[in-house]
Structures are given as structure tokens and as C-alpha cells.
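Structural overview for review
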Amino acid sequence: MSEKLPGYKGKALETLLKIKAEVGDLVRVKKERVTYEGILIPRSELGDDKHIVIKIKSGYNIGIKVTSKTVIEKIGTMTKPSFKPPPPPEQKPNLPRVTIISTGGTIASRVDYRTGAVRPAISANDLYSIVPELSDIAAIDTEILFSVFSEDLTPKHWAETAKAVAKYIANGAQGVVITHGTDTMGYTAAALSFALQNLPVPVVLVGAQRSEDRPSSDAATNLIGAVIAAAQAPLAEVVVAMHETVSDEAIVLHRGTKVRKLHTSRRDAFKTVNANPVARVLDRKLVMLTDEYKPRSAGKKLVLKPDFNEKVALVKFYPGMNPNLIEWHIEAGYKGLILEGTGLGHVRRECFAAIKKAIDKGIIVAMTSQCIWGRVNMNVYTNGRDLTAMGVIPLEDMLAETALVKLMWILGQTSDMEKAKKLLTTNISGEISARSVEPIPPPKTLAPNDRGA
Amino acid sequence: MNIDYSKIGLKVGLECHQQLDTQEKLFCACKPQLFKGEPEITFLRRLRPTQSELGQTDPAAFFEFKKGIKILYEANSETSCLVEMDEEPPHQLNPEALEITLTTALMIGARPVDEVHVMRKVVIDGSNTTGFQRTCVIALNGAITVNGKRVPIEHISLEEDAARKTGAEGLTVRYRIDRLCVPLIEVTTAPVIYTPEEAEKVAFAIGRILRATRKVKRGLGTIRQDLNVSITDGALIEIKGVQELELISKVIRHEVKRQINLLKIRDELMARGLKEDEIKNEFVDVTSAFTNTNCKILKKAVKRGNPILAVKLPKFAGLLGKELIPGLRLGTEMADRAKFWGRVGGILHTDEIASYGVTEDEIDAVRKLVKATDQDAVVIVADVKENALDALEAVTERAREALKGVPEETRAANPDGTTRYMRPRPGAARMYPETDVPPIPITDEYVKQLRSQLPELPSQRTQKLMKRYGLNKKLAWQLQDSEYGDLFETIVETTNMPPNFVAATLTETFKALKRDGVEVSRVTGERIVEVFRLVSSEKTSKEAIPEIITWLSKHEDAEPADAVKALGLTMISPAELESMIDELIKKNERLINERGAKAFGFLMGAIMREHRGKVKAELVSRMIRQKLLEKQRKG
């Protein structure tokens, strides 16, 4: 793919290269009896290799098929816009220092209406000029750590992120915000909850469900909420800050070990599971919703434990599941298996032999539920009792994904399997709660009158 | 005022928008329908203007955002889903809508693009939950011929309709998203229309072609024309939302008059020697002049503790009250701006302040405070200080523009053919690709297939109407041009109503009703067809149709059967009729005996007078004749 002709390939690319055209140039396309004029536009990666795209005078893009009869000529070069960001708003003095670490997924950007390109805001100044509200809340430092789609992140990225957070806290950040693609934000939140022990300040993950180039994006509202949390929240834990409802009103903070993405596209996709959110930001004010949290304290010394063992897998049981799937993990040298069983924590008896074999080989096998909501209890049915007798460890009300991350982290810290098992059932970062409480619905005044989710 | 339009250099371009009659919306499977009553779902949003690469944001949009405008959306589950709520990406472009648009394009000789690219056109007033309207060009370079003149059609586009505004309270604007995402075709002409009448004819011709596809919606709000109007020395004014074809020429005539009068004001200001820098943003608190005022508006403001601010407009005396078009003065234009930018209820100015109960002494006091003479005008605003300042700033801005002539702006059409300020004209087109919808190739094979099955052109259709249904030429064309024309075949094919009667009802009768102020467009096509069915099955009479349609236009939720019932137009059964005739004959025994068969006319008249619309005249006549005959025989 050509850098000057992004997206173009095959015949279309060939034709454009021949006339030395690049995106942004003014071109004239003659085809049979018709002539088109416009600015050459980048081609979508999904597009075929037979069309070129131009923006005509009215601002519309059209695709023109390149055939043997098509004649394209370059009739002008557009001057590249020289971007001068508007002056950043005046920074209020004595604001808390907050670092924004970006891992991918842009949170603020500008649109180049000539070519349709969307460019991310990178520097703190850029960010202030696009989200001017931030300059009233905190003095901000920014770092682009990675630019990775969240589904491409691995436990190695979790470790890198944890180290970066530790570095900025050591440098005096009074709160850290991490911008993150939403798909696996819950996993990273859990990972950081374990890797960053004894935090002195809050660490807030934030994302957007609507891309930031559109006026209706939730990115800025979420970011403002996250920076308020990082700068002001009295807690010192890893949390996720996202919309509470589909309205652009309240941002809630979810504990990093209890949060799950529960909708593919809604703004309020993230929910706290088996507990309640820990805080709400409304009208720029943060209100704690619980007394049970680890408090912010400048005196605390952060303990960084960034190692994860990737030989742990999450296996979702389904009716008729072939036990060979479990066998495969044994063969492949896995050290831990988190089962996502049905209901209170069950799998079919056909799988018992394979599970027993795994446990006999010293693999830790633990049970969570695919119900998502609720606690496993393996004493109620024979099947559960037999699995427990075999050595399968029930994981209470822990989310399956959190259990996976936790076991990776434990096995990154120790190879003592007995110690590991003990840690797995010990509450470290709020991942296990002793009581199952009824979730408190959002206040009526802000809950949309909505029957969904 | 008699205007020679060619002399003043009138140029008009049209953008005709019409809703397509598809099964589903443009980017989701929701029904393209509106709902009434309370919404099932509401949610609150804010739209944040996106910065462009050039660091620009739309000033009006950014202003609204800074003010903290919130949008409360209303929805119900039948007419909208997560897509319209901007909580789910758009689905693929509705192929039915694409086909209708392509068909229209081919009918007017436009050339389809090889690949359709859906764009986002930034619109930040809340009418789109996303902050942009999804739109795409389907074909370019067509033309239609109107009265022998070739009118180029520059674009044929397919776009989503916007949400409809249902109210505003303080900083919250309410929009209903049922209409959002309804497919709209947009036909854009070149600006080559030179008289108001020609504009109407062109719009009419475009409408005729759209209706020939038989896939467009009918009724109030389904068709909207935007007009781009300019005259030499004036400005290009975009007028949005003309809903009736018959209003187009009126709107243009008004707009021309408005521009001419604004130019006259400019000339007068220049003659008075006004310089732009004489208009200063010096806003003076004049509350002290009104401590004991009898002016209700100002009294209320003082009571609330709001300041009364004033600004001097030098050399403007007498010009603010000058009428531009009926109901619109320069003062009104300033008030519209003040309302938009300052969110105030309105302004008061020295040209008409006396009618608001302000005394001469008070005016003198104000003039003294702002150092104004009799040559100057003074504008007064009473509101929260911040709003009042914004409002007066907008007023001085408009005053400076008055010195230059006609300011470029987007105006909205009023139902009476006048217009009002809507917003500043948006800068350069703010369009960028809708990356969530992949480009759609239009293959040669597909175009060829559509070309082979194009709907009949209006001339072909009238020929057929004449031949198959025996209509005369005039009626056939009237039917073709009527927005109800496409109901004709359905009615004729599914009832036993005579074609000539159906055609005349759909055209002449409906036209007469409209002339009498009946909003026929509020009656759906299905209901109109049903009315004919009721007549056909003798549930009511054909004479009752106008009354039923009138009733239905006022009762949009009701069915034709309800109308028949409510109006007491249920047909009298033959048995009832018979006993009524028997009774009538009995009562008039003597008369009948005297006149014999000649009494028929009297009896017929008596029954019809009392029961018109409830009996079929043929049946009455037959029955009376028979009864008279029987009586004669017996007698």
C-alpha cells in the first residue's frame, strides 16, 4: 500500500501512480462521455481495487470505476493545510497533576474535511484545545504508550502499562488516566488492579463507545469524568469511568475487578457485576457511592508486581463439549484453567476424567459461571459436589475474565501451587465479595425511561 | 411593487426533498412512521462541535455548545431502535431506497455514480442524534424540460430525514427521533431559474417525476423544498422547509422584496453618512429610567432583578420600523438574531416602543443615558445580564450588516410564505466519509436492469388512463398531476366505482376541499381508498365523500367507518327507505291523487332533501316510481 495513496491497490493504484497523483490532489477523470473533477480521497481498506474516490465540489465523495476507457489527469496540487491549533485556554493555577496515558483508541481528534482523514490529538495542548474543560480540572501530562486496538493487547501490554503508571506516580502524578479501546478494557482494569498494589492515587481507565470524530461522541464526556476522578476521588484503586446510562449525564466509576463490557455498542456498555459502582460524577462533581474503598494517601508506597503467566486459559463449557478441549490444554503445558461452567458451576460428567487428569498433573482448575451475574455454589447439585471433591476450586462471585487475569498474575508471582490456590480464593483487589447484594438502580432523575439493558 | 425579475438578476436553485415510501428506514429495519402521544423512551445528550483540521469549528455550533444546550430526545420502540439513538452503528444502506433513487435518476437522464459513498454532513442543532446527517450522491448531471427550457439537475442524493423538534424549555431542546432516518430523495437543480413562477413549475415537474415512481410518501411534511435565492447586489439566501408547492413562488417574491428593501435601507444609511465604526458595542444599563414604568415587559424584568440594557444605533432612526415584507421589519430581523444568540424573548426599539406603554419621558431618559439624538435609534433588552449582552451584541452585528446590504444566512419558511432567521450560513461543506457503511458499487448490469423496467413517464401514463378507463384528456392529466393520482388504479381495481367519478373526486373534489381550507393531506392514502370501498359496498353514499374526508382531516386517528358513524351518514336500508316512502305517500295522499304520476318529482325531492348522502338516488327513484305505479293500479 502506498503511503501517498492510502487504501489504493491493484489497477486503481497502478493508474494513479502512473500520473504521480497523491491523495489531496485535484484530478480530472474522463470516462466515456462524462468528466468528473474533484480531490482524490483515500480509499477504504475494505474497498476493491477497481474504483478511485474523489470529493466533488459539493463536498460529496463518489467512486469512479477505472476501466480501459478511463483517463485520469492531475490538474492541481492542493496545498496541505497548515494546522495551527487554537491557543489553549488559560490554565488555572495549583491544579492537581494528572497523567493521561494512551494505549490506543483516540479520545480526541480533528477531522480533515478535505480528505476525510481523522487525526488524533496528541499533546496536552492539543487535548486542552479540543476538550477545554480539562484545563479547569487538572494540570495534564500526556504519553502515547501504544497505539493498539484493544483486542490486540496481550498480558505483556498489561505489564508495560503497569510500569508506566508506576513511573508517573513516582514522578508525582496525583492521578493517572489510561485511555483504552473498550473491547478488552475490563481485562486490563483487572490486570492493573492486581499489578498495582498499595496504590497511593487513583488509576482510571476510560474509553469511548462512539468514535471521537463525531459530535455525539461520548469520548470527551467520559474523559472529563475520568480526569475529575483521577484528580479528586478520595479512593486509590483501579477503576473504569464510563457513561452510567445512554444519556450524556452521569459518569460512574466501576471497580477494576468487577467491571464487564455487557453491550456491543451502547454508551453504558460497562456495568459493575455483582456489586455497585463505587462513585458517580455528575455536573462535574464526584460523589462516592460506597464507604468500602482503599483511600487515597500520598504517604502510601506503590508496590509494582507486573508479571503475568500466559499459560492460563479460560474455557467456556457448552452442552456436548468435547473433553479433548481440556486434554489439549494439558498437553500444551498450561498451568491453570478457569472454567466458565453453567449455572451454579457445572460441566457435563463426560468432562470429569479430563478435569481429574489436569488436576492430577498439578494444573489449577477453578470454576466460574457463564451466567455472569451471581455466585457459584457447587454444593447444591451432585455434579458440583463431585467436581469440588476432585479438586476444582469454586471462585465465588468472581467474574470469569477477572479470574483468568488473577490466575495469570498469581502464577506470574509464584510457582508454589498451594500458595497460588490460596491466593486465588483470597480477596486481593475487591474481586471477591462475601455478600451478594441487590444492585441499586441509577437515580430516577437520570435513568432514561428505557426498557433496555 | 411590480418587479422585473430579469432586471434585478433573480437566480433560484431548488433542492426538492421527498420522503420515500419504503418498508424500512434508511439504515435500520424500523418502520418509517411517526408516533403520537407520550414517548416510551427519553434520553439526554450534548453535541460537541468537532474541530476541523484547520482549527475551525462552526461558530453557531460552538456558541450553542458553550451555552450548555442539552437535547432531550423522545422515542418509542416501534419507530426507532438503537441506530437512531446513536447507540448502534448504522446497518447497510436500504436497497429499496437506493433502487427508488436510481430509478428516479434514470428517469431524468442522470448518470449514476459507479460506487456510492455515504457521507456525514455535520449538523449540530440536535436534529440528528449523531451530530451529522448521513447522505450520499447517487447520480449526477440529469436534466428535465420545463416549458421547453432545459433545467439541469446537478445531483440526485439519498439521505436520512432529521428528527423533528417538539419543543424547547430553557437550555433544553426537545426532538422526537421517529422521523430520523426516514429515507429522503434530494433533487438539486442548477441555479438557472429566473422567476418565482418558473421555480414553482420546476418543482412541480420534479414532483411529477417523483410521483411517477409511485414509491414516494404523500401528505403533510413528506415533501420539503429548500430554495437558494439571490439577486444582483443582494446575497445568496438559503430558505429551508417550504412544505407546499403552491407556496414556492410566494416565498421567492417575498424574499426578493425583502432583499430589495434591505438594499434601500443600506442606501439610506449611506446617504445619512453612517460609517461602520460609528456602531459601537457600548451597552448601557438604563434600568434607572424605568423604576416606575408602566410597560409590562420592563416592569416584569425589573421585578425579577434583571437589568435593562440599551445600545445606540446611530442614524438608524425610523429604519428599524420600516416594513420589509408583511410582518417583518429590520427591527424583527434584529430581534430574531437577539433571540438566537442571546436567548432573550425579544427586543424593544425606539421606532415602536411607545406601543408597549413606554412614556415619552422614559424614552428621553434612555436617549440621554446612551447619548442618542433624534437621528439615532435605541434598542433595549431586559434579561439576565449575560443574555442581554449577547443579545445586544447580535443587534449591533446586524446593524453593521445593514450598512453592507443583505447578510448571507439560512432562513426558514413560514406557512404564510414569509421567512424567519434560522442560523448563519454554514461555512464550507462539512462533509466526511461515513466509515461505518461500506461503499456500494452500482454495477452496469444493475443499471441496465433498472433501465429496462422504468415506470411509465407521465405522458405514457395519461395515455393509458384514457385508453383503459375511458377518462378524457383533461381528467387524465389532472389525475396524473394530483398527489392522489396513484390511488386511482387501486380504487378502480378494488371497487365497482365508475372510473370517471373516482378521477373527478380525487382531483376536482379534493381541490375544492383544499380551497375551502380542508387539510386533505392529513388523510392517509389507505383511508381514502377505504372511503371509496365504503361507498362501493353501499355502507354510505358517494355524495357523502366530501363530508367524510373533511371529518377525517380533523380526526387523524379515526377510520372512515368512524366518520360515517359520527356524521350519521350510514346508508338507510332498502326496507327503511320503503317504509319512509310509504309514510310519505300516505301523508300526501290528496296531492298524489290529484297529480298522479306527476307527484314523482315532489316525492323524490322530499326524500332527497332530508336524506341526501344516506340514500342512493337511483334506488329512491326506482322505489317511488314503483309505489306510484302500484297505487295507480290499485286505485
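What you are looking at is a predicted structure, and each value in this text was computed from that prediction instead of being measured.

How each quantity is defined
Residues numbered from 1 in each chain as written. Chains lettered and ligands numbered in written order. Predicted model: local features only at pLDDT ≥ 70, side-chain atom pairs only at ≥ 80, totals over all residues. Heavy atoms only, no water. Domains from an automatic or database assignment. Patch = residues over 30% accessible without salt bridge, like charges linked within 9 Å, V, L, I, M, F, W, Y side chains within 5 Å. Areas by Shrake-Rupley, 256 points an atom, 1.4 Å probe, with all protein chains shown as cover. Salt bridge = Lys/Arg side-chain N within 4 Å of Asp/Glu carboxyl O. Lys, Arg positive; Asp, Glu negative; His and termini not counted. Charge placed at Lys NZ, Arg CZ, Asp CG, Glu CD. Helix = DSSP H or I, 4+ residues; strand = E, 2+ residues; numbered from the N terminus. Pairing = 2+ DSSP bridges. Axes fitted to C-alpha atoms, helices over the stretch in contact; angles between N-to-C directions. Buried < 20%, exposed > 50% of the residue type's maximum accessible area, 1.4 Å probe, protein only. Expected span 1.5 Å × (residues − 1). pLDDT = per-residue confidence, 0-100. Contact = heavy atoms within 4.5 Å. Polar contact = N/O pair within 3.5 Å; in protein donor to acceptor, adjacent residues only side chain to side chain.

On to the domain arrangement of chain B, then. Under the domain assignment, chain B is made up of domain 1 (11–236 + 428–433), domain 2 (270–406), domain 3 (456–566) and domain 4 (574–634). For domain 2 of chain B versus domain 3 of chain B, the separation of C-alpha centres amounts to 54 Å.

Another aspect to go through is a negative patch on the surface. A cluster of acidic residues, Glu360, Asp361, Asp364 and Asp374 of chain B, forms a negative patch at the surface. On the secondary structure map, Glu360 of chain B appears in helix H7 (residues 360–369).

A few words on the sheet that holds strand E10 (residues 176–179) of chain A. All names here are of chain A. With respect to topology, eight strands assemble into an open sheet ordered E9-E6-E10-E12-E13-E14-E17-E18, the strand pairing being mixed. The sheet is open, and its two borders are formed by strand E9 (139–144) and strand E18 (285–288), each paired with just one other strand. Across the sheet, the axes of successive neighbouring strands diverge by a mean angle of 25 degrees, strand direction being ignored. In this sheet, E10 lies alongside strand E6 (residues 97–102) in parallel orientation, the contact comprising four bridges.

This brings us to the pattern of salt bridges. Inspection of the entire model under this criterion finds 81 salt bridges over all chains. Asp183 of chain A is paired through a salt bridge with Lys261 of chain A; the nearest N and O atoms lie 2.9 Å apart. Placement of the pair is Asp183 of chain A in the loop between E10 and helix H4 (185–195) and Lys261 of chain A in strand E15 (residues 259–261), with a sequence separation of 78 residues. Since its relative accessible area comes to 19%, Lys261 of chain A is described here as buried. Glu87 of chain B is the partner of Arg267 of chain A in a salt bridge, and the nearest nitrogen-oxygen pair spans 3.1 Å. Residue Arg267 of chain A is found in the loop between E15 and strand E16 (270–272), and its partner Glu87 of chain B is found in the loop between strand E4 (70–75) and helix H2 (95–107); the two belong to separate chains. The burial state of Arg267 of chain A is the same as that of Glu87 of chain B; both residues are buried. A single salt-bridge network, built from bridges that share partners, covers Arg210, Asp213, Arg214, Asp248 and Arg267 of chain A together with Arg45, Asp86, Glu87, Arg120, Arg134, Glu434 and Asp436 of chain B.

Residue and element names in this part refer to chain B. When the terminal C-alpha atoms of helix H3 (residues 196–212) are compared, their 25 Å separation across 17 residues agrees well with the 24 Å that a helix rising 1.5 Å per residue should span. Within H3, 12 of the 17 residues are buried, leaving the element largely enclosed by the surrounding structure. Listed as buried for H3 are Pro196, Glu198, Ala199, Val202, Ala203, Ala205, Ile206, Gly207, Ile209, Leu210, Arg211 and Ala212. Positive phi shows up at Arg214, right after H3, with a value of about 55 degrees.

This part is about the confidence of the model for chain A. Of the residues in chain A, 91% reach a pLDDT of 70 or more, and the chain-wide mean stands at 90. Below pLDDT 50 for its whole length, residues 449–453 of chain A participates in 12 contacts with residues either more than four positions away or in separate chains.

The subject of this paragraph is the side chain of Arg43 of chain A. Summarising the element assignment, Arg43 of chain A is placed in the loop between strand E2 (34–40) and strand E3 (51–55). Looking at Arg43 of chain A, its side chain comes within polar contact range of the side chain of Asp48 of chain A, at 2.8 Å. Within the structure, Arg43 of chain A has its side chain in polar contact with the side chain of Glu115 of chain B (distance 2.7 Å). Residues contacting Arg43 of chain A, with those up to four places away along its chain left out, are Pro6, Gly7, Tyr8, Asp48, His51 and Val53 of chain A together with Glu115 and His117 of chain B.

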